Each structure stands twice: as structure tokens, then as C-alpha cells.
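So the chains spell out like this:
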Amino acid sequence: MGRLLRFDPVGRPLRVWVRSRPGEEDAEVVAGQILRLAGDEALLALERGVALGGRCVQQAWVRPVERRYGFGALWFSFICVEASAERDAPAAARWWLRLGAPTGEGLRIAACDR
């Protein structure tokens, strides 16, 4: 449906659940933004560094778990994605994406948290 509406997720503010799932008590949510789409993957920028595959990253490649929905489903729903530090690499984590920044503001890139 998102494709029919010509929804483009690139550049839109996102909430990214990098630990746990939406609605769970121990969830960690970071502001993010899709920088570009490349096939069935997207390059995602994060407001601050997070642990992924044993290293701190501020950008990650993500691909939807439910391939039939894709990034177009963001216009109406949460989507679950597999995240990796490198393009076409095996998944190192499972994150959730939803439109809208957690603070209501745009993305501000900061240095990695250590």
C-alpha cells in the first residue's frame, strides 16, 4: 500500500527500538533516519552510537524481516528489521522501526557512547 501511495521513508525521522520491542519495559529507543535505500536494504543513521555486532555504530544496514511489506509499510505501522554493520552481512540484531522521532525533534548525530 505504501508503494501505491508513493510513500518514501528516506529522510523521515524514525524511532528505532535497538533493545527489546515496542511496549516492553526494558526497551531502548534511539532517534534514526533512513539515509538511502539500496534494493531490499536501507542505510540507517542513528542519533547516537549503539552496540551492534560487538562494535559501536552510528549507521547500520537494515532489511525488513517481513519482505512482503518492506519499508513502504512504515507509513502505517511498526516494522521489524534485521540490522548489520555492513551491507549484505548476516544480521547481528533485530530492531523495530516506526515513523516519528522519540523526542519529537529531528535527528542530531552525536559521537558513539562508550
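This structure is a prediction, so every number in the text was calculated from the model and none was measured.

### Re the overall build of the protein
Looking only at helices and strands, the protein features zero helices and six strands. The secondary structure elements of the protein, listed N-terminal to C-terminal, are β-β-β-β-β-β. For the protein, with 114 residues in total, the buried portion stands at 39%. For the protein, the computed accessible surface area is about 6500 Å², with 48% contributed by carbon and sulfur atoms.

### Some remarks on the confidence of the model for the protein
Looking at the protein as a whole, its pLDDT mean stands at 86, while 84% of the residues score no less than 70. A low-confidence stretch, residues 110–114 stays under pLDDT 50, and its non-local contacts, those more than four residues away or across chains, total 13 contacts.

### Concerning the nonpolar core
Membership of the largest hydrophobic core comes to 22 residues, with the highest contact counts inside it found for Val 16, Leu 44, Val 62, Phe 71, Leu 74, Trp 95 and Leu 97. Where this core is concerned, the elements lending two or more residues are strand S1 (13–19), strand S2 (28–38), strand S3 (41–52), strand S4 (55–64), strand S5 (79–84) and strand S6 (93–99).

### Remarks on the environment of Asp 40
Tracing the chain through its elements places Asp 40 in the loop between S2 and S3. Between the C-alpha atoms of Asp 40 and Phe 71, which are 31 residues apart in sequence, the distance is 8.4 Å. Residues within four places of Asp 40 in sequence aside, it is in contact with Val 62, Arg 63, Pro 64, Arg 67 and Phe 71.

### Things to note about the pairing of S6
Sheet analysis places S1 next to S6, joined by four bridges and oriented antiparallel. Paired with Trp 17 across the bridge in S6 is Trp 96. Sheet topology places S5 next to S6; five bridges connect them, and they run antiparallel. The residue bridging Val 81 from the neighbouring strand is Trp 95, located in S6.

Reading guide: rules and limits
- Residues numbered from 1 in each chain as written.
- Predicted model: local features only at pLDDT ≥ 70, side-chain atom pairs only at ≥ 80, totals over all residues.
- Heavy atoms only, no water.
- Helix = DSSP H or I, 4+ residues; strand = E, 2+ residues; numbered from the N terminus.
- Buried < 20%, exposed > 50% of the residue type's maximum accessible area, 1.4 Å probe, protein only.
- Areas by Shrake-Rupley, 256 points an atom, 1.4 Å probe, with all protein chains shown as cover.
- pLDDT = per-residue confidence, 0-100.
- Contact = heavy atoms within 4.5 Å.
- Core = buried A, V, L, I, M, F, W, Y, C linked by side-chain atoms within 4.5 Å.
- Pairing = 2+ DSSP bridges.

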